[in-house]
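Architecture and fold: a report
Next come the chains, spelled out residue by residue.
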Amino acid sequence: MSILPLVFTSGWASGVNAYAVVLLLGVFGATGMSDDVPEALQRPDVLIAAGVLFLCEAVADKIPYADSAWDAVHTVIRPVSGAVVAALLAGQSGSLPEVAAGAVGGSTALLSHLVKAGTRMAVNTSPEPFSNIVVSIAEDLGVAAIITFAIFHPVGAAVIAGGLLFAGLFLLLFLASRIRRFLRRRAQRREEKRLAQPVGQRPG
């Protein structure tokens, strides 16, 4: 069977939490639960690094405004991770050119990252912190569930991932006003912080 469904699903999941994808795939490969996982993802150093970074994301992702800062840093990291994981999966199976797999995984990861980052901006317009925690936990559980499902039912998981991606893009349109409100509020906070600095320390 073509590796394309797993490539697409891993790309979507990488856009949400790239470290969880690497960690889960590596564990599934190292424990012998999947033959599609390349050895590069099963290395102990890769698993340890992914585990540590996943824990860092698990904390940062639940703090209002810190989550959006984390997302901004990962605008490049998540798509690149999705492309690399996809290329490695394709190289392992030999059923899909690595370049094509990287393009699918990277572009899918970029779209799902934009959905995640935009949704978090909208959530951050809420004054209470609990919505961030609930959304973050739902994302973590969702990534774990869909990657696990993809190992055993790749086509079904790809259909679900595609549906979630489409729904997320539609949700972004619905939340556009809240996202603009978040951006205005962040710009205002930066301006207030700049004005609070002594005159000699202000940039420009």
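A quick note: this is a predicted structure, and the numbers were derived from the prediction, not measured. (Residues numbered from 1 in each chain as written. Predicted model: local features only at pLDDT ≥ 70, side-chain atom pairs only at ≥ 80, totals over all residues. Heavy atoms only, no water.)

**A few points about the overall build of the chain**
Along the backbone of the chain there are 7 helices and 0 strands. Written out in order from the N terminus, the α and β elements of the chain read α-α-α-α-α-α-α. In the chain, 73% of the contacts between residues at least 6 apart in sequence involve partners at least 24 apart. Taken as a whole, the chain presents about 10300 Å² of accessible surface, with 72% of it coming from carbon and sulfur. (Helix = DSSP H or I, 4+ residues; strand = E, 2+ residues; numbered from the N terminus. Contact = heavy atoms within 4.5 Å. Areas by Shrake-Rupley, 256 points an atom, 1.4 Å probe, with all protein chains shown as cover.)

**Brief notes about the confidence of the model for the chain**
Here the chain averages 88 in pLDDT, while 89% of its residues score no lower than 70. The secondary-structure element of the chain with the lowest mean pLDDT is helix α7 (residues 176-196), recorded at 69, while helix α1 (residues 4-30) shows the highest, at 96. (pLDDT = per-residue confidence, 0-100.)

**Some words on a nonpolar patch on the surface**
Residues Leu-110, Leu-111, Leu-114 and Leu-169 make up a contiguous nonpolar surface patch of roughly 290 Å² in combined accessible area. By the secondary structure assignment, Leu-114 is in helix α4 (residues 98-123). (Patch = residues over 30% accessible without salt bridge, like charges linked within 9 Å, V, L, I, M, F, W, Y side chains within 5 Å. Salt bridge = Lys/Arg side-chain N within 4 Å of Asp/Glu carboxyl O.)

**Let's talk about the nonpolar core**
In this structure, Leu-25 and Ile-147 are the most contacted members of the largest nonpolar core, which totals 28 residues. It is α1 that provides the largest number of residues to this core, a total of 10 residues. Apart from the residues within four sequence positions on either side, Ile-147 is in contact with Ser-10, Ala-13, Val-21, Leu-24, Leu-25 and Phe-28. Formed by 7 residues, the second largest nonpolar core is a distinct cluster that contains Val-115, Met-121, Leu-172 and Phe-182. (Core = buried A, V, L, I, M, F, W, Y, C linked by side-chain atoms within 4.5 Å. Buried < 20%, exposed > 50% of the residue type's maximum accessible area, 1.4 Å probe, protein only.)

**Notes on the side chain of Ser-81**
Residue position: Ser-81 is located in helix α3 (residues 66-93). Not counting the four nearest positions on each side in its chain, Ser-81 is found in contact with Ala-18 and Val-22.

**Quick notes on the pattern of salt bridges**
For the structure shown, the criterion picks out 9 salt bridges. Two residues, Asp-61 and Lys-116, come together in a salt bridge whose shortest N-O distance is 3.1 Å. Taken as a pair, Asp-61 in the loop between α2 (44-60) and α3 and Lys-116 in helix α4 lie far apart in primary sequence, 55 residues in all. No difference in accessibility class separates Asp-61 from Lys-116, as the two residues are buried. The partner of Lys-116 in a salt bridge is Glu-139, with the nearest N and O atoms 2.6 Å apart. On the criterion of sequence distance, the pair formed by Lys-116 in helix α4 and Glu-139 in helix α5 (residues 130-152) is long-range, its members being 23 residues apart.

**Details of unusual backbone geometry**
We note that Tyr-65 has phi near 70°; this positive angle belongs to a residue other than glycine. If you trace the backbone, Tyr-65 turns up in the loop between α2 and α3.

**Quick notes on the packing of α2 against α3**
Running from amino to carboxyl end, α2 crosses α3 at an angle of 140°, the nearest separation of the two axes being 9 Å. In this view, α2 runs oblique relative to α3, as classed from their interaxial angle. Contacts between α2 and α3 involve Cys-56, Glu-57 and Ala-60 from the former and Ala-66, Asp-67, Trp-70, His-74 and Arg-78 from the latter. (Axes fitted to C-alpha atoms, helices over the stretch in contact; angles between N-to-C directions. Parallel < 35°, antiparallel > 145°, perpendicular 65-115°, else oblique.)

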